[in-house]
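Chains, contacts and geometry: an overview
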Amino acid sequence: MKTLLITGGAGFIGSNFVHHWIKHHPEDRIINLDALTYAGNLENLAGIEESENYHFVHGDICDAALVNKLFDKENIDTVVHFAAESHVDRSITGPEAFIKTNVHGTFTLLEAARKTWANDDTRCRFLHVSTDEVYGTLEADDPAFTETTPFAPNSPYSASKASSDHLVRAYFHTYGLPVVTTNCSNNYGPYQFPEKLIPLVFINALENKPLPVYGDGQQIRDWLHVADHCRGIDAVLQHGRLGETYNIGGCNEWANIDIVKLICRHLDELRPGDKPKAELITYVTDRPGHDRRYAIDASKMLNELGWKPEYTFETGIKQTLNWYLENQTWWERVRDGEYRKFIEQQYSTL
Ligand code: NAD
Ligand code: DAU
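None of these values were measured; they are calculated from a predicted model. (Residues numbered from 1 in each chain as written. Chains lettered and ligands numbered in written order. Predicted model: local features only at pLDDT ≥ 70, side-chain atom pairs only at ≥ 80, totals over all residues. Heavy atoms only, no water.)

Considering the nonpolar core
Counting 67 residues, the largest nonpolar core has Ile-6, Phe-17, Val-80, Phe-82, Leu-127, Ile-198 and Leu-211 as the members making the most contacts within it. No other element matches the 7 residues that helix 8 (residues 256–270) contributes to this core. Aside from chain neighbours lying at most four places away, what touches Leu-211 is Val-201, Asn-204, Ala-205, Val-260, Cys-264, Lys-277, Leu-280, Ile-281 and Thr-282. In this structure, Leu-5, Ala-83, Cys-124 and Leu-177 belong to the second largest nonpolar core, which totals 23 residues. (Core = buried A, V, L, I, M, F, W, Y, C linked by side-chain atoms within 4.5 Å. Buried < 20%, exposed > 50% of the residue type's maximum accessible area, 1.4 Å probe, protein only. Helix = DSSP H or I, 4+ residues; strand = E, 2+ residues; numbered from the N terminus. Contact = heavy atoms within 4.5 Å.)

Some remarks on the packing of helix 4 (residues 96–116) against helix 5 (residues 156–175)
Closest axis-to-axis distance for the helix 4/helix 5 pair is 8 Å, and the angle between their directions is 15°. The angle between the axes of helix 4 and helix 5 places the two elements in the roughly parallel class. Judged by the twist between their axes, the crossing of helix 4 over helix 5 is right-handed. Counted together, Phe-98, Ile-99, Asn-102, Val-103, Thr-106, Phe-107, Leu-110, Glu-111 and Arg-114 of helix 4 and Tyr-157, Ser-160, Lys-161, Ser-163, Ser-164, Leu-167, Val-168, Tyr-171 and Tyr-175 of helix 5 form the full contact between these two elements. Partitioned by chemical class, the residues of the contact of helix 4 with helix 5 number 10 nonpolar, 5 polar and 3 charged. (Axes fitted to C-alpha atoms, helices over the stretch in contact; angles between N-to-C directions. Parallel < 35°, antiparallel > 145°, perpendicular 65-115°, else oblique. Left-handed = near helix turned anticlockwise from the far one by under 90°. Nonpolar A, V, L, I, M, F, W, Y, C, P; charged D, E, K, R; others polar.)

Let's talk about the pairing of strand 6 (residues 179–184)
Along any regular strand, the residues point their side chains to alternate faces of the sheet. Most of strand 6 sits out of view: 6 of its 6 residues are buried. Burial along strand 6 is two-sided: Val-179, Thr-181 and Asn-183 and Val-180, Thr-182 and Cys-184, pointing in opposite directions, are all buried. Where strand 5 (residues 125–131) lies against strand 6, 6 bridges are found, and the strand directions are parallel. By the bridge assignment, Val-129 is partnered in strand 6 with Thr-182. Crossover strand 5 to strand 6 through helix 5 is right-handed. Here strand 6 runs beside strand 10 (residues 245–248); their pairing, made up of 4 bridges, is parallel. Counted as the bridge partner of Asn-183 is Asn-247 from strand 10. (Pairing = 2+ DSSP bridges. Right-handed = clockwise from strand over helix to strand, strands pointing away.)

Things to note about the packing of helix 10 (residues 313–326) against helix 11 (residues 328–335)
Taken N-terminus to C-terminus, the directions of helix 10 and helix 11 make an angle of 75°; their axes are 5 Å apart at the nearest point. With respect to each other, helix 10 and helix 11 are oriented roughly perpendicular. Here helix 10 contributes Trp-323, Tyr-324, Leu-325 and Glu-326 to the contact with helix 11, which in turn contributes Gln-328, Trp-330 and Trp-331. When its residues are assigned to classes, the contact of helix 10 with helix 11 shows 5 nonpolar, 1 polar and 1 charged.

Here is the structure:
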């Protein structure tokens with residue numbers, strides 16, 4: 001039986017991972033440490049609170065006293081570190097929070113693990129969840145990112161994630177901390193905060209609002225269903241080699257404009273009487289420093305761990321868009337901030 005500290009488990013990928021872990025490893029204990037920033041939503045974990053082996057802690061990964069206390073008291077042997085500021089656009093308008101959480105927060109967790117596991121780390125693992133954005137940008141005909149592609153981050157977000165990756169690496173080489181790192185491509189799926197491309201465009205299209213496409217819309221991302229990402233993290237956690245990094249990706253490259261048109265077609269099929277949704281596409285000013293193309297070579301995941309995506313993009317995107325259709329209350333509450341009321345009531349005395 002393991003005791004997992006999952007950080008950021010109320011966010012998009014973290015909450016999907018909590019669901020995944022409880023389903024596949026019900027005997028393990030989970031401590032979910034999340035600061036519940038704008039992106040953290042306990043409604044993503046509805047029903048989970050009743051699980052005996054699950055415990056939520058409202059707190060900041062930069063709070064060393066809290067993190068050390070959790071390591072001491074809870075006998076944590078596994079860390080799965082998702083907590084981060086994750087939105088590139090927000091990192092451009094306000095980079096400081098990214099440095100604090102992504103760099104200092106990761107450092108705080110590494111230090112706590114180093115101190116607590118110093119004498120008994122044989123069964124311990126620290127898995128750091130990172131991004132393909134640390135590798136920078138690709139030209140159209142460049143080969144995909146491998147684990148040996150040099151880092152060349154271009155946004156405050158990706159620079160902060162690259163810094164955290166370097167710290168994780170250094171703790172392995174200097175202190176022998178049992179770490180593994182995953183670098184994943186763009187995720188899509190249920191519970192994604194509706195400021196990211198796919199949910200944003202779908203919800204705007206549903207409501208006949210403009211669909212903002214940055215620049216010429218020809219930037220390319222490699223999309224992976226979040227459930228496949230969670231399976232990949234599970235595989236790396238259990239069988240990945242310590243000190244290694246693993247690229248996780250969908251082998252599924254799409255230009256942004258084509259994704260937007262795909263979403264429009266899906267809605268046109270569902271609502272044949274409406275005006276074609278593609279008429280709502282609006283080209284807007286490009287993101288500063290916008291990376292042109294990401295693509296992941298996930299052959300190490302396949303060759304070493306036997307992992308490959310199970311979702312085809314066709315099935316995954318339909319399932320995701322249908323989830324947003326069926327869970328209108330979820331995103332309406334996210335959008336109008338209603339989901340935060342519970343947090344304010346619950347934590348007003350903290
Ligand atoms: P998200 O923004 O949806 O969720 C982040 C979570 O972290 C939220 O619950 C938030 O409350 C929490 N958090 C933020 N600051 C915190 C702090 N200081 N202390 C404790 N909790 C804090 O992010 P996501 O999209 O789920 O991404 C999760 C991780 O995966 C991130 O590390 C991100 O870099 C990485 N990643 C994301 C993608 C993607 O496509 N979304 C792809 C590859 C890697
Ligand atoms: O590659 C992995 C990364 O994917 C993760 O590390 C990040 O946490 C995650 O947010 C995501 O970053 P992106 O910047 O690629 O995701 P986003 O959904 O913000 O944008 C996807 C693409 O769509 C990007 O090229 C910018 C573009 N875009 C985005 C928005 C929100 C638009 O054209 N219009 C928009 O309104």
